[in-house]
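A structural walkthrough
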Amino acid sequence: DAKTTQPPSMDCAEGRAANLPCNHSTISGNEYVYWYRQIHSQGPQYIIHGLKNNETNEMASLIITEDRKSSTLILPHATLRDTAVYYCIVRPYNNNDMRFGAGTRLTVKP
Amino acid sequence: DTAVSQTPKYLVTQMGNDKSIKCEQNLGHDTMYWYKQDSKKFLKIMFSYNNKELIINETVPNRFSPKSPDKAHFNLHINSLELGDSAVYFCASSQGWTGDQPQHFGDGTRLSIL
């Protein structure tokens, strides 16, 4: 019962930008957009989160549309080590409920 | 310098046994969690613990009980293990439990019930 929709899989060429879309059309005003990834047999790794504004850190950029109904995670220069399942999660401010969906399996190819 | 560490990494045991999984975080966080990832790879929260307040996901059987001896540790005890308990269990921590605080995960404990 995740509140987000993501494509099940995507490919990206090594060295190119990977743009992962997420639809969250029912997002509420106090809900954050989070991105995590899970590399095979490891725990979910936090990437980035945002509320309204675009965000950037050393790993990625998060672009949130003005109406907040969708977002895009951008990995600027994908490497083979970025191959993973990427989860987009909508999380309320007032509790710790974080629901993981099926995510997008990103495969970075040489 | 592992931030959230779990032991053991693998746990193989028989139905009916009681087992524990340990979790420790060195991030100075005050909130810890347990998640279960089933065979279909869906992650679901089981427990949240902050400042002596425990929040339990209503779907978790009472055979599962978490214990926090101090702020850095949040261990999971499972009684009378069943086949359906086979899964990967992840511990996580955050500073506070509001939605603006990221949760940081350990690498999981793969539990297999024979």
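This is a predicted model, so every value here is computed, not measured.

Once that is clear, we can look at the confidence of the model for chain B. Of all residues in chain B, 99% have pLDDT values of 70 or greater, and the mean over the chain is 93. Across chain B, the secondary-structure element scoring lowest on mean pLDDT is strand 6 (residues 53–56) of chain B, at 84, and the one scoring highest is strand 3 (residues 19–25) of chain B, at 98.

So, about the layout of surface pockets. Space inside the largest pocket adds up to approximately 540 Å³. Lining the largest pocket are 29 residues, and of these A:Q38, A:H40, A:S41, B:Q37 and B:K41 lie nearest its centre. Only strand 8 (84–92) and strand 9 (104–109) of chain A together with strand 9 (87–94) of chain B provide two or more residues apiece to the lining of the largest pocket. Its residues assigned to classes, the lining of the largest pocket shows ten nonpolar, twelve polar and seven charged.

Another point: the side chain of A:R91. In this fold, A:R91 is placed in strand 8. This buried residue, A:R91, is left without a salt bridge; B:D100 holds the nearest opposite charge, at 6.9 Å. In this structure the side chain of A:R91 is engaged in a polar contact, spanning 3.4 Å, whose partner is the side chain of A:Y34.

With that settled, the discussion passes to the interface of chain B and chain A. With 21 residues of chain B at the interface, the matching set in chain A holds 20 residues. A buried area of about 1700 Å², summed over both sides, lies between chain B and chain A, and 52% of it is on carbon and sulfur atoms. Inspection of the chain B/chain A interface yields zero salt bridges. Joining chain B to chain A, the criterion identifies nine residue pairs in polar contact (both at pLDDT 80 or more). When contributions to the side of chain B that touches chain A are tallied by element, the ones reaching two or more residues are strand 4 (31–37), strand 5 (43–50) and strand 10 (104–105) of chain B. Classifying every residue of the side of chain B that touches chain A by side-chain character gives nine nonpolar, eight polar and four charged.

With that settled, the discussion passes to unusual backbone geometry. Of note, the amide linkage connecting B:T7 to B:P8 takes the cis form, showing an omega dihedral of -5°. Within the secondary structure layout, B:P8 lies in the loop between strand 1 (4–7) and strand 2 (10–13). Positive phi, close to 65°, is recorded for A:S41, a residue that is not glycine. Mapped onto the fold, A:S41 is located in the loop between strand 3 (31–38) and strand 4 (45–50). According to the relative accessible area criterion, A:S41 is partly exposed, its value standing at 45%.

Calculation notes
Position labels on residues start from 1 in each chain and follow its written sequence. Key to labels: chains lettered from A, ligands numbered from 1, both in the order written. In keeping with the model being predicted, local features are shown solely for residues with a pLDDT of at least 70 and side-chain atom pairs are shown and tallied solely at 80 or more, while totals for entire chains, interfaces and linings include all residues. By convention in this description, side-chain values take in all heavy atoms of the structure and omit both hydrogens and water. Per-residue confidence from the predictor is reported as pLDDT, a score between 0 and 100. Helix and strand assignments come from DSSP, with helices taken as H or I runs of at least 4 residues and strands as E runs of at least 2, each series counted from the N terminus. Points on a 1 Å grid over protein atoms alone make up a cavity when a 1.4 Å probe fits among them but cannot get out, and a pocket when they form an open set with protein on both sides within 12 Å along at least five of seven lines; lining residues each have an atom within 4 Å of a point. Grid points are joined across faces, edges and corners, and a volume is the space filled by probe spheres set on the points. Residue polarity follows a fixed list, in which Ala, Val, Leu, Ile, Met, Phe, Trp, Tyr, Cys and Pro are nonpolar, Asp, Glu, Lys and Arg are charged, and the others, Gly among them, are polar. Categorising residues by exposure relies on relative accessible area from a 1.4 Å probe, with only protein chains included: less than 20% of the type maximum marks a residue as buried, more than 50% marks it as exposed, and the intermediate range marks it as partly exposed. His is not counted, nor are the chain ends, whereas Lys and Arg count as positive and Asp and Glu as negative. In what follows, salt bridge is the name for a side-chain nitrogen of Lys or Arg lying within 4 Å of a carboxyl oxygen of Asp or Glu. Polar contacts, as used here, are pairs of N or O atoms within 3.5 Å; protein pairs need one atom able to donate a hydrogen and one able to accept it. Residues neighboring in sequence count only if both atoms are side-chain atoms. Here, residues are in contact when the closest pair of their heavy atoms is within 4.5 Å. Buried surface area refers to the total accessible area, computed with a probe of radius 1.4 Å, that the two partners give up upon joining, counted for both partners together.

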